[in-house]
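# Structural overview
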Amino acid sequence: ELLPRTLVVDFNPEALAGLRARGVGGVFGDLGSLDTLHHARLHHAKVIVSTLPDMLLKGTTNLALVKAVRALAPEAAIVAMADVPEQVAALIAAGASEVVLPSTLVGADIVRLLEAVEV
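In this text, all values refer to a predicted model and were calculated from it rather than measured experimentally.

Let us look at helix H1 (residues 13-21). The backbone nitrogen of Glu-14 has a side-chain oxygen 2.8 Å away, supplied by the residue at the start of H1, namely Asn-12. Just downstream of H1, Gly-23 is the residue with a positive phi angle, here 90°.

A volume near 1100 Å³ is recorded for the largest pocket. Of all elements in the fold, only strand E1 (7-10), strand E3 (47-49), helix H3 (62-72) and strand E4 (77-81) reach the threshold of two or more residues within the lining of the largest pocket. Ranked by residues supplied to the lining of the largest pocket, first place goes to E1 with four residues.

Pairing in this open sheet of three strands is parallel, and the strands run E3-E4-E5 from one edge to the other. A strand with exactly one partner marks an edge of an open sheet, and here the two such strands are E3 and strand E5 (98-100). Across the sheet, the axes of successive neighbouring strands diverge by a mean angle of 15°, strand direction being ignored. As judged from the three bridges shared by E4 and E5, these two strands associate in the parallel manner. By the bridge assignment, Met-81 is partnered in E5 with Val-100. Relative to E4, H3 is tilted by about 170°, and along the sheet it contacts E3 and E4.

Relative to the helices and strands, Val-9 is located in strand E1. Overall, Val-9 belongs to the buried group, its relative accessible area being 16%. In the structure, Val-9 is positioned 21 residues away from Asp-30 in sequence and 7.7 Å away in space, judged by C-alpha atoms. Not counting residues within four places of it along the chain, the set of residues in contact with Val-9 comprises Val-27, Gly-29, Leu-31, Thr-36 and Ala-40.

When we look at burial in H3, the residues that qualify are Asn-62, Leu-65, Val-66, Ala-68, Val-69 and Arg-70. Each element contacted by the buried residues of H3 is listed here: helix H2 (34-39), E3, E4 and helix H4 (88-94).

Pairing geometry for E3 and E4, over three bridges, is parallel. Each residue of the ladder has a partner; that of Val-47, found in E4, is Ala-77. This β-α-β element, E3 to H3 to E4, shows right-handed connectivity. Handedness of the crossover joining E4 and E5 through H4: right-handed.

A word on the pairing of E1. As paired strands, E1 and strand E2 (residues 25-28) are joined by four bridges and run parallel to one another. Bridged to Asp-10 within E2 is Phe-28.

Rules of the game
Residues numbered from 1 in each chain as written. Predicted model: local features only at pLDDT ≥ 70, side-chain atom pairs only at ≥ 80, totals over all residues. Heavy atoms only, no water. Polar contact = N/O pair within 3.5 Å; in protein donor to acceptor, adjacent residues only side chain to side chain. Helix = DSSP H or I, 4+ residues; strand = E, 2+ residues; numbered from the N terminus. 1 Å grid on protein atoms, 1.4 Å probe; cavity = no way out; pocket = protein on both sides within 12 Å on 5 of 7 lines; lining within 4 Å. Points joined across faces, edges and corners; volume = space filled by probe spheres on them. Pairing = 2+ DSSP bridges. Axes fitted to C-alpha atoms, helices over the stretch in contact; angles between N-to-C directions. Contact = heavy atoms within 4.5 Å. Buried < 20%, exposed > 50% of the residue type's maximum accessible area, 1.4 Å probe, protein only. Right-handed = clockwise from strand over helix to strand, strands pointing away.

Printed below as a string of structure tokens:
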């Protein structure tokens, strides 16, 4: 249900082609560029999610992205990724609605896996 309403901005044309094959819209571009974010029409977005931690982003950070997309889409809910717990407060202060830590996500997955296996 969400796939047709989802738009991914990525610098990898192969990733975008794979997403498009699954019915997900995609825009090729650099997340660090305001022109790319504007071209992706983020100003109309209701929810914006950054799924990459800073260590994988090139030329930008989640903090810079939150500031940019908050300016483009003041009413959108923004979910940002933090590398370490110390980044959470800065991301919230910059306008993130929610902040996710990869270690928390991995921990939740491990708990689910352990619950599924009779230990």
